[in-house]
There are 2 protein chains.
Amino acid sequence: MEKRHQVVILGGGFGGLTAARSLRRDPVDVTLIDRRNFHLFQPLLYQVATGSLSPANIAAPLREILKHQKNTRVLLGECSGIDVGGRRVRLKDGDVPYDTLIVATGARHSYFGHDDWGAFAPGLKTVEDATLMRRRIFLAFEAAERESDPDKERAWLTFAIVGAGPTGVELAGALSEIAHDTLKHDFRRIDPSQARILLIEAADRVLPPYAPDLSASAARALERLDVRVMTGTTVTGVDDDSVTIQAGGRTEVLSTRTVLWAAGVRASSLGKVLADATGCPIDRSGRLIVEPDLTLKGHPEIVVIGDLANFAHQGGRPLPGVAQVAIQQGRYAASIIRARLQGGSVRPFSAFQYRDRGNMATIGRAAAVVELPWLRFSGLMAWLAWLFVHLLNIVAFQNRLLVLVQWAWSYLTFNRSARLITGDNPFPLDL
Amino acid sequence: MEKRHQVVILGGGFGGLTAARSLRRDPVDVTLIDRRNFHLFQPLLYQVATGSLSPANIAAPLREILKHQKNTRVLLGECSGIDVGGRRVRLKDGDVPYDTLIVATGARHSYFGHDDWGAFAPGLKTVEDATLMRRRIFLAFEAAERESDPDKERAWLTFAIVGAGPTGVELAGALSEIAHDTLKHDFRRIDPSQARILLIEAADRVLPPYAPDLSASAARALERLDVRVMTGTTVTGVDDDSVTIQAGGRTEVLSTRTVLWAAGVRASSLGKVLADATGCPIDRSGRLIVEPDLTLKGHPEIVVIGDLANFAHQGGRPLPGVAQVAIQQGRYAASIIRARLQGGSVRPFSAFQYRDRGNMATIGRAAAVVELPWLRFSGLMAWLAWLFVHLLNIVAFQNRLLVLVQWAWSYLTFNRSARLITGDNPFPLDL
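Read on for a plain summary of the structure. Remember, it's a predicted structure, so these values are computed and weren't measured experimentally. (Residues numbered from 1 in each chain as written. Chains lettered and ligands numbered in written order. Predicted model: local features only at pLDDT ≥ 70, side-chain atom pairs only at ≥ 80, totals over all residues. Heavy atoms only, no water.)

### Some words on the environment of Leu 101 of chain A
All names here are of chain A.
- Within the secondary structure layout, Leu 101 lies in strand β9 (residues 100–103).
- The exposure class assigned to Leu 101 is buried, which follows from its relative accessible area of 0%.
- Distance from Leu 101 to Leu 392, taken between C-alpha atoms, is 30 Å for residues 291 residues apart in sequence.
- Those residues in contact with Leu 101 that sit more than four places away from it in its chain are Val 8, Leu 10, Ile 82, Val 89, Glu 301, Ile 302 and Val 303. (Helix = DSSP H or I, 4+ residues; strand = E, 2+ residues; numbered from the N terminus. Buried < 20%, exposed > 50% of the residue type's maximum accessible area, 1.4 Å probe, protein only. Contact = heavy atoms within 4.5 Å.)

### Quick notes on the side chain of His 39 of chain B
Residue and element names in this part refer to chain B.
- Here His 39 is to be found in strand β3 (residues 38–40).
- Within polar-contact distance, the side chain of His 39 engages the backbone oxygen of Gly 12 at 2.9 Å.
- Here His 39 is in contact with Gly 12, Gly 13, Phe 14, Leu 17, Ile 58, Ala 59, Ala 60, Leu 62, Ile 65 and Val 395, once residues within four sequence places are set aside. (Polar contact = N/O pair within 3.5 Å; in protein donor to acceptor, adjacent residues only side chain to side chain.)

### Quick notes on the packing of aromatic side chains
Residue and element names in this part refer to chain B.
- On inspection of all chains with the given rule, the structure shows 20 aromatic pairs over all chains.
- Summarising the aromatic geometry, the rings of Phe 14 and Phe 41 are spaced 5.7 Å apart at their centres and angled 70° between planes, so their arrangement reads as edge-to-face. One end of the pair, Phe 14, is in helix α1 (residues 14–22); the other, Phe 41, is in the loop between β3 and α2 (45–49), and 27 residues separate them in sequence.
- According to the relative accessible area criterion, Phe 14 is buried, its value standing at 16%.
- Taking relative accessible area as the criterion, Phe 41 reaches 5% and is therefore assigned buried.
- Note on Trp 386 and Trp 407: the rings are 5.5 Å apart at their centroids and 35° apart in plane angle, and the pair reads as tilted. Within this pair, whereas Trp 386 is found in helix α10 (residues 380–393), its partner Trp 407 is found in helix α11 (residues 397–413), the two being separated by 21 residues in sequence. The pair Trp 386 / Trp 407 is uniform in exposure class, with both members buried. (Phe/Tyr/Trp six-rings, centres within 6.5 Å; stacked < 30°, edge-to-face > 60°.)

### Re the pairing of strand β6 (residues 79–83) of chain A
All names here are of chain A.
- With 4 bridges connecting them, β6 and strand β7 (residues 88–91) associate as antiparallel partners. Note that in β7 the partner of Ile 82 across the bridge is Val 89.
- The hairpin formed by β6 and β7 contains 4 residues between the paired strands, and Arg 87 there has a positive phi angle of roughly 50°. (Pairing = 2+ DSSP bridges.)

### Observations regarding helix α1 (residues 14–22) of chain A
Residue and element names in this part refer to chain A.
- Taking burial as the measure, the 9 residues of α1 include 8 buried ones, the bulk of the element.
- Within α1, burial applies to Phe 14, Gly 15, Gly 16, Leu 17, Thr 18, Ala 19, Ala 20 and Ser 22.
- Along its buried surface, α1 packs onto β1 (5–10), β2 (28–34), β3 (38–40), α3 (62–66), β9 and α9 (323–343).

### Thoughts on the relation of the copies chain A and chain B
- When chain A is fitted to chain B, the best match, at an RMSD of 0.0 Å, comes from turning it 180° and sliding it 0.0 Å along the axis. Within this description, the copies of the chain are treated as partners about a two-fold rotation axis.
- By residue overlap, the copies meet face to face through one surface: 100% of the interface positions of chain A are interface positions in chain B. (Least-squares fit on C-alpha atoms with pLDDT ≥ 70 in both.)

### So, the interface of chain A and chain B
- Across the contact, 57 residues belong to chain A and 57 residues belong to chain B.
- It is Arg 63, Arg 146 and Gln 398 of chain A that lose the most area in chain A upon contact with chain B, and together they represent 14% of the buried surface on that side.
- At the boundary of chain A and chain B, one finds 8 salt bridges.
- A salt bridge links Asp 186 of chain A to Lys 67 of chain B; the nearest nitrogen and oxygen atoms lie 4.0 Å apart.
- Across the chain A-chain B interface, the total number found is 26 residue pairs in polar contact (both at pLDDT 80 or more).
- Elements with a contribution of two residues or more to the side of chain A that touches chain B: β4 (59–61), α3, β5 (72–76), α4 (127–146) and α11 (397–413) of chain A.
- Considering every element that reaches the side of chain A that touches chain B, the biggest residue donor is α11 of chain A, with 8 residues.
- Here the side of chain A that touches chain B is built from residues that sort into 22 nonpolar, 15 polar and 20 charged. (Buried area = accessible area lost by both parts, 1.4 Å probe. Salt bridge = Lys/Arg side-chain N within 4 Å of Asp/Glu carboxyl O. Nonpolar A, V, L, I, M, F, W, Y, C, P; charged D, E, K, R; others polar.)

### Observations regarding the packing of α11 of chain A against α11 of chain B
- Where α11 of chain A contacts α11 of chain B, the axes come no closer than 10 Å and their chain directions differ by 170°. Classed by the angle they form, the pair α11 of chain A and α11 of chain B counts as roughly antiparallel. Only Phe 397, Gln 398, Leu 401, Leu 402, Val 405, Gln 406 and Trp 409 of chain B of α11 of chain B make contact with α11 of chain A, whose side of the interface consists of Phe 397, Gln 398, Leu 401, Leu 402, Val 405, Gln 406 and Trp 409 of chain A.
- Counted by class, the contact of α11 of chain A with α11 of chain B contains 10 nonpolar, 4 polar and no charged residues. (Axes fitted to C-alpha atoms, helices over the stretch in contact; angles between N-to-C directions. Parallel < 35°, antiparallel > 145°, perpendicular 65-115°, else oblique.)

### Observations concerning the packing of α4 of chain A against helix α6 (residues 166–182) of chain A
Residues and elements named next belong to chain A.
- As a packed pair, α4 and α6 sit with axes 12 Å apart at the nearest point and diverge in direction by 35°. Taken as a pair, α4 and α6 cross one another with a handedness that is right-handed. Packed against α4, whose contacting residues are Met 133, Ile 137, Phe 138 and Phe 141, the element α6 presents Leu 171, Leu 175, Ile 178 and Ala 179 at the interface.
- For the contact of α4 with α6, the per-class residue count stands at 8 nonpolar, no polar and no charged. (Left-handed = near helix turned anticlockwise from the far one by under 90°.)

### A word on the pattern of salt bridges
- In total, this model carries 42 salt bridges over all chains according to the counting rule given.
- Two residues, Glu 142 of chain A and Arg 63 of chain B, come together in a salt bridge whose shortest N-O distance is 2.5 Å. Of this pair, Glu 142 of chain A sits in helix α4 while Arg 63 of chain B sits in helix α3 (residues 62–66), which puts the two residues in different chains. Here Glu 142 of chain A matches Arg 63 of chain B in class, with each residue buried.
- Its salt-bridge partner being Asp 276 of chain A, residue Lys 272 of chain A comes within 3.0 Å of it at the nearest N-O pair. Taken together, the residues span about one helical turn, with Lys 272 of chain A and Asp 276 of chain A both in helix α8 (residues 270–278) at a distance of 4 residues.
- We classify Asp 276 of chain A as exposed; its relative accessible area is 56%.
- Look at the salt bridges and you will find they share partners, linking Glu 64 and Lys 67 of chain A together with Asp 186 and Arg 419 of chain B into a network.

So this is what it looks like as structure tokens:
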């Protein structure tokens, strides 16, 4: 029996999983390697962080998704290096050879070189990040209830969100609902609606990649929700009980015990590993600068997709780190492999073309902004579109049902039943 | 205004929460103190440990449950001591005075004096316990898939459950379904149905507190599920890759990488604290030996309920550590306070009387045993009764709906979508 073409995919996020599924009918052996046993629907991670959904509702076991795809195996493992010459991926307990390697290991949040801020300002990329953020948010209200010093109480009730991209805007909207509605009757001493929610953004408007009129309507919606929008403002320091900001040349220190990080991202460390091994350049965020066909220069057998790839061959600016880009690149990676197998050898392939299907973000209850190639709108209709698109795109059918039940319930009752404070040491009020 | 009677309740489990709710119309001020911000429906914790349900599905925020109960406040806090003479509960950041104290801090699992076994054999009392156990179970299959040595693979596929009470029996049944059905098509190298599931029990039958014929039908159901039931067998050692057992004078070492602990419990450390402060005796498990009215001798203002209480005034043997006992004792504690307030002073009160409403346990899919005061039955009808009773008793209505959806889905598809391997270091195959 002839040995089949071996495809190894690193990472089971949107890009890697799409590539694997796209190859289901091709005469190749696929090995999907991830450190996690599940695919995570990251666009809803902020709902875990704010107690609306449980982690399992937005996750689907990779083995379950791929169980009937006979040409594919899943390995739970961590890649410790790549032997580019020998075409082998190194795992802790052995090597996996490849003919084509698809690298889709994504990005983590980053602190613009200030890694020490991480201890005070949790980001939001993994399930653990989300449960930590959830714990920080709900512990802050508990701590405020127990605080006798008014200044300290105020610091516990001040929430600073850094970054007003979709995640930051969505976090701010959810926090406003928590403060004004969910916790309305929960406390006896504090009034949760007195919480201050600050949304800090270095650019001159919220949702900077969107059209200016959508940014403006998002800002108006946020202000109706009592969120203080601070654009043109840079964060220059974060510590245990404050965030330092700079705006128009003036520096200010804001007392807060809860800083939520929704700003920078940094590509997975495999970017650096591959750059060193192949001589491929990386950008400041650690992303590999890929060829028009998403391969590395001189290495047509290595395809890089998703948040790890800096693809700037369309419009001059790198494509954004969103699910749509990763999904389309995953499909494209599969199509390169298919075409090469049919052609019998590695051959030039037409460049990757991103088709922007649009962007959306929710801003609390019954409000959202939607940007399609041919239409922009905001408000209730945008929110319904957001609900519909997100529900449809959750991977497992059961999860669609569970998410729908929980959304309907939260909408009617304002309750967030998944607001558990968990962790090995669940009650360190001094955090 | 006259100062109202101050009731402080330590612990928001079945006993403490029932006591708090029972006092909702009484002219008292209630303070419920818990280290957690949620009430946990422990009887379904094994379903979290085996990936059927998410933690939030069996938890309900204490503040949410009590938000409209105006005479009650909830404090998130950890009791560091009790000033019995001054009638004050000590918290880290201050004291809370009481007129009546209800202590309902429950129990943890324990290793019969072998605390070092804890590192290898996780127990099942908290949400963190359940997610750790879940991780251990599903990582074991992953590790087996990656193992090239057949003996080591076999050790990864051997699961030893210590203790055949309801939790042990339910874990064994769920593990069998995971091995035979859930993971059926998930792996490419191993056959998960080759997993060995050992249920080790020191008594001469499973479910020892139940009637012998129910134990027998439970054992038959377990054997149909391919569970090896080892009664009359004592565990004398647990380490990283084996469990040592003793049966009929013979000692045997079984290779296994996964030991799940469903055996002993130890009362919360407040038992010892109160024993030292009041001279009240404690039993070997650390439970306080209470008076017929659940108070401590010489301290009618301290009521101890639930797993922390050793109540042996009815039938001579201590009541079992089950939800029903705690709930009835919580109601009784509230009624003592009410009667005393109406009587104007502390007065003798009729003894607590436990009404045994019955016991039940599931043994995998569509099988259970039910023991009512006037009837015993097993099989499908028992399973339906089990489902019904558990669904009805879950605290929040939304959770009933979510659990029902997930049970129906698992029943139809064998899927366990909550089988996430999570934790700060999610992939240490050497555990």
